[in-house]
Amino acid sequence: MNAQAAAGVAERVAAVRQRIASACARAGRDPAEVRLIAVSKTFGAEAVAEAVAAGITEFGENRVQEALAKQPAVEALVRERGLPSPAWHLVGHLQSNKAKAAAGAFAILHGIDSIGLLNVLNRAAGDRRLAVLLEVNVAGEATKFGFAPGAVAEAVDAARGLPGVEVIGLMTVAPRVANPELARPVFRELARLAREHGLRELSMGMTEDFEVAIEEGATMVRIGRAIFGERS
Ligand SMILES: *Cc1c(COP(=O)(O)O)cnc(C)c1O
């Protein structure tokens, strides 16, 4: 990546942080409560390293194979530049046959969407305890993964019996809407569900809607395009 493009990532990170701070101010929240996860899917190791240089410490990927290929290249670049190693989040759907690989490659797995998958992860965990978020399909969209809101209780209960997984919160992808205000009820409902189940983390909000998500309590926002630019 050339110097101009690198400056682009740094400037976009600064702009996103500013927008997070403004949303927190509107909601009376401390910006330290909101973790910025830069979603680097489709972008290469160089772009990730530029984001690390701009202060990003956590990255999201939605495909296990892509992440496994990218991580060593990022490690090499950050070591060479004296930058810290980032942490990785899986933000997309996980297939059971990739659970073992995912258990070793990510700090937190968002997007866990079945009790069967919780069981598979429990077996893949070894002597670790994997931090997971349950994906909830709040709007009941046919095209989306996730538990129905009414199925969250059963999944939380099932996970309590599994020593290898810890459900730390809930995650959702809001419907694509013309105006982010229209996603607000979805975020509010996810926050209500998390409270009902005593879960502290709320992974919600992307490039189009993260400010509304923060106003509704997001503790992790997953932002790709506003940081890395449009995906080709
Ligand atoms: C791609 C993706 C994001 C980031 O989307 P942007 O619109 O680029 O901010 C967030 N969450 C999930 C699950 C994704 O797949």
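Before going into details, it helps to say that this report is about the structure given with it. It should be emphasised that the depicted structure is a prediction, and the values quoted were computed from it without experimental measurement. (Residues numbered from 1 in each chain as written. Predicted model: local features only at pLDDT ≥ 70, side-chain atom pairs only at ≥ 80, totals over all residues. Heavy atoms only, no water.)

### Regarding the site of the ligand
In step 1: The ligand sits among V39, K41, V91, M171, V173, M206, T207, R222, I223, G224, R225 and R231.
In step 2: R225 is positioned such that a nitrogen or oxygen atom in its side chain is 2.8 Å from an oxygen atom of the ligand.
In step 3: For the ligand, the protein covers 92% of the area, taking 390 Å² as the surface of the free molecule.
In step 4: Taken together, the residues of the shell around the ligand sort by class into six nonpolar, two polar and four charged. (Near = heavy atom within 4 Å. Polar contact = N/O pair within 3.5 Å; in protein donor to acceptor, adjacent residues only side chain to side chain. Areas by Shrake-Rupley, 256 points an atom, 1.4 Å probe, with all protein chains shown as cover. Nonpolar A, V, L, I, M, F, W, Y, C, P; charged D, E, K, R; others polar.)

### Describing the pattern of salt bridges
When the charged atoms of two side chains with opposite charge come close together, those side chains can pair.
In step 1: Throughout the structure, instances matching the rule amount to 19 salt bridges.
In step 2: A salt bridge links R26 to E215; the shortest N-O distance between them is 2.7 Å. Taken together, the positions of R26 in helix 1 (residues 3-27) and E215 in helix 8 (residues 210-215) put the pair 189 residues apart, joining distant regions of the chain.
In step 3: In this structure R26 comes out as exposed when scored by relative accessible area, which is 52%. (Salt bridge = Lys/Arg side-chain N within 4 Å of Asp/Glu carboxyl O. Helix = DSSP H or I, 4+ residues; strand = E, 2+ residues; numbered from the N terminus. Buried < 20%, exposed > 50% of the residue type's maximum accessible area, 1.4 Å probe, protein only.)

### A closer look at the nonpolar core
In step 1: One finds L121 and L134 to be the most contacted residues of the largest nonpolar core, which totals 73 residues.
In step 2: Ignoring any residue separated from it by four or fewer positions in sequence, one finds L121 in contact with L94, A99, L109, I112, L130, V132 and V165. (Core = buried A, V, L, I, M, F, W, Y, C linked by side-chain atoms within 4.5 Å. Contact = heavy atoms within 4.5 Å.)

### Some thoughts on the side chain of R225
In step 1: Relative to the helices and strands, R225 is located in helix 9 (residues 225-228).
In step 2: Since its relative accessible area comes to 18%, R225 is described here as buried.
In step 3: Once residues within four sequence positions are removed from consideration, R225 is found in contact with T207, E208, E230 and R231.

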